[in-house]
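Each chain is listed here by its residues.
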Amino acid sequence: MKKLRVGIVGMGMGRHHAKDLHSHSRSDLVAIVDADESRLEESAGQFPESQQYTDYEKMLAEQDLDMVVLAIPNFLHKPFAIAALEAGCHVLCEKPMAMNTAEAEEMLAVARKSDRRLMINFSYRFTGAAHALKQAVDAGVLGDVYYGRTGWLRRDGMPGFGGWFGQKNKSGGGPLIDLGVHKIDLALWLMGYPSPEWILARTYDHLGKARAEGLGKDFDVEDFAAALVTFDNGATLDVTVSWASHIKEKELMETRILGTKGGVVHRNINEGYEFEGEIFTDFNGVPSNIQPQPRGCPLGSSMTHFVDCILDDKPHIATGEEGATLMRILDAIYESAASREPVRVGRGS
Ligand SMILES: NC(=O)c1ccc[n+]([C@@H]2O[C@H](COP(=O)([O-])OP(=O)(O)OC[C@H]3O[C@@H](n4cnc5c(N)ncnc54)[C@H](O)[C@@H]3O)[C@@H](O)[C@H]2O)c1
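About the thresholds
- Residues numbered from 1 in each chain as written.
- Predicted model: local features only at pLDDT ≥ 70, side-chain atom pairs only at ≥ 80, totals over all residues.
- Heavy atoms only, no water.
- Salt bridge = Lys/Arg side-chain N within 4 Å of Asp/Glu carboxyl O.
- Helix = DSSP H or I, 4+ residues; strand = E, 2+ residues; numbered from the N terminus.
- Phe/Tyr/Trp six-rings, centres within 6.5 Å; stacked < 30°, edge-to-face > 60°.
- Buried < 20%, exposed > 50% of the residue type's maximum accessible area, 1.4 Å probe, protein only.
- Lys NZ or Arg CZ within 6 Å of the ring centre and 35° of its normal.
- Near = heavy atom within 4 Å.
- Polar contact = N/O pair within 3.5 Å; in protein donor to acceptor, adjacent residues only side chain to side chain.
- Areas by Shrake-Rupley, 256 points an atom, 1.4 Å probe, with all protein chains shown as cover.
- Nonpolar A, V, L, I, M, F, W, Y, C, P; charged D, E, K, R; others polar.
- Domains from an automatic or database assignment.
- Expected span 1.5 Å × (residues − 1).
- Contact = heavy atoms within 4.5 Å.
- Buried area = accessible area lost by both parts, 1.4 Å probe.
- Pairing = 2+ DSSP bridges.
- Axes fitted to C-alpha atoms, helices over the stretch in contact; angles between N-to-C directions.

Trainee: When you look at the pattern of salt bridges in this model, what are you seeing that I'm missing?
Mentor: When the charged atoms of two side chains with opposite charge come close together, those side chains can pair. Per the stated rule, a full pass over the model turns up 18 salt bridges. Its salt-bridge partner being aspartate 312, residue arginine 26 comes within 2.7 Å of it at the nearest N-O pair. Here aspartate 312 lies in helix H10 (residues 302-312) and arginine 26 lies in the loop between helix H1 (14-22) and strand E2 (27-33), a separation of 286 residues in the sequence. For glutamate 254, the salt bridge goes to arginine 256, with nearest N and O atoms at 3.0 Å.

Trainee: Looking at this structure, I do not really get the packing of aromatic side chains. What am I missing?
Mentor: For any pair of aromatic rings, the description rests on two quantities: the centre-to-centre distance and the angle between the ring planes. Evaluation of the coordinates by the stated rule reveals eight aromatic pairs. Judged by centre distance (5.5 Å) and plane angle (80 degrees), the ring pair of tyrosine 124 and phenylalanine 275 falls under edge-to-face. Here tyrosine 124, found in the loop between strand E6 (118-120) and helix H6 (128-138), pairs with phenylalanine 275, found in strand E13 (residues 274-283); they are 151 residues apart in sequence, far enough to count as distant. Comparing tyrosine 124 with phenylalanine 275, the two get one shared label, buried. Between tryptophan 164 and phenylalanine 165, the aromatic rings sit 3.8 Å apart at their centres with planes inclined by 25 degrees, giving stacked as the arrangement. According to the relative accessible area criterion, phenylalanine 165 is partly exposed, its value standing at 23%. Here lysine 168 stacks its cationic end above the ring of tyrosine 334, 4.1 Å away from the centre of that ring. For lysine 183, the ring lying beneath its charged end belongs to tyrosine 124, and the centroid distance is 4.2 Å.

Trainee: Can you help me understand the site of the ligand in this one?
Mentor: For the ligand, the set of nearby residues contains 23 residues, the closest of which are Met13, Asp34, Arg39, Asn74 and Trp164. Methionine 13 places a main-chain nitrogen or oxygen 2.7 Å from an oxygen atom of the ligand. The separation between an oxygen atom of the ligand and a polar side-chain atom of histidine 182 is 3.2 Å. Here the ligand has 860 Å² of accessible area as a free molecule, and 80% of this is covered by the chains. Class assignment of the residues belonging to the shell around the ligand gives a composition of eleven nonpolar, seven polar and five charged. Composition of the shell around the ligand by domain shows at least three residues from each of domain 1 (4-123 + 302-318) and domain 2 (127-297 + 327-344).

Trainee: Would you mind going over helix H11 (residues 320-339) with me for this structure?
Mentor: Think of an α-helix as 3.6 residues a turn; residues three or four steps apart then line up on the same face. Spanning 20 residues, H11 covers 28 Å between terminal C-alpha atoms, matching the ideal 28 Å at 1.5 Å per step. In terms of burial, H11 is a largely internal element, 15 of the 20 residues being buried. Following H11 by one or two positions, arginine 340 has its phi on the positive side, about 60 degrees.

Trainee: Would you mind going over the domain arrangement of the protein chain with me for this structure?
Mentor: Interface extent is often summarised as the accessible area lost during association of the parts. What the domain assignment lists for the protein chain is domain 1 (4-123 + 302-318) and domain 2 (127-297 + 327-344). Every contact between the two is made by 15 residues of domain 1 and, on the other side, 16 residues of domain 2. Carbon and sulfur atoms make up 63% of the area that domain 1 and domain 2 hide from each other, which totals about 1,300 Å². Looking only at domain 1, the three residues that lose the most surface to domain 2 are Lys95, Met99 and Phe122, adding up to 37% of its buried area. At the surface where domain 1 touches domain 2, the tally comes to one salt bridge. Here lysine 95 ties to aspartate 178 by a salt bridge, and the two come within 2.9 Å at their closest N and O atoms. The interface formed by domain 1 and domain 2 contains six residue pairs in polar contact (both at pLDDT 80 or more).

Trainee: Which parts of the structure should I look at to understand the sheet that holds E6?
Mentor: The strands that make up a sheet pair up through hydrogen bonds in the backbone, lying either parallel or antiparallel. Strand order in the open sheet made by the six strands is E3-E2-E1-E4-E5-E6, with parallel pairing throughout. Taken across any chain shown, the strands that pair with only one partner, and hence form the sheet edges, are strand E3 (51-53) and E6. Strand after strand, the sheet turns through a mean of 20 degrees between neighbouring axes, direction not considered.

See the structure below:
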């Protein structure tokens, strides 16, 4: 059986991806990379048969890889993706695709030129609940979609406070680009990825900034964002995200889509990382609720899905093109927040 030769860069989130690919029967975890030797060593114990590198370029030069997974800080996504694509590898890049639209477009252009695949790790599509809702939506349960509301609010969850996540030149932004990117993608996926038109948005940094000043840490991104997105098909999407906000819940994730015939909701259970979906419709004139009971996601994880699609020569979901659409929305949200004006979303290539 042909197996894909995979290398993974970044042993933070990347450790979970490594586990996934290590246990998949169709991939060989050939190499792992982290610039931080102690992190690399921690992972080396788990994947002793993989070659370890602190230098990404060295791995690309020495290993004949089919696929590279990028789980590194956001400012490295573009250069690392381009290097892998040019070395002939398919790339599964963590979200957000890049720091901004210009970078995302560059990545797409290189992927097209190199005839390699580019997938973005919109992992929340790969929950059983999201998949079941998508199947129902594709079967027409919603009718014409006109509204979505999507958000991820944390009471107090600023990742690695004082580190790269809170520095705009390394992350591109705060919870909007970190958490919002997932939840906007999930909403757009369920809405059929309509073309975004206008944005009106605001961002805030009250809690994060005060904490950073108190602790003497770097923090120049938002801790809360609110945005309204309109689409060329007339639909609207309401977005709210926070790393810190005065709410009861630790983590509150909810994506709701409304259509002429029905509505769906995807939400987390007990403030954690388990999910459920629900469908609301009129059945013979009677308001009815349906709660799918999926047994996992038939696509597998985002990692194994990408491997399987490459080997089976099938299209993968969560494409680079969708990642770039997301970047156009995020850029326009930040622009609207900065200018305090509505912003027209840029057109993609
Ligand atoms: N899909 C998801 O649900 C999800 C969850 C968490 C993080 N992420 C994304 O994954 C990426 C990484 O986030 P994280 O939480 O793992 O961050 P992290 O800081 O914990 O880990 C990043 C790792 O990259 C390594 N690194 C940095 N520069 C490097 C270089 N030049 N060469 C090799 N290694 C280098 C660091 O040493 C570190 O171990 C981000 O883009 C983040 O948005 C996605």
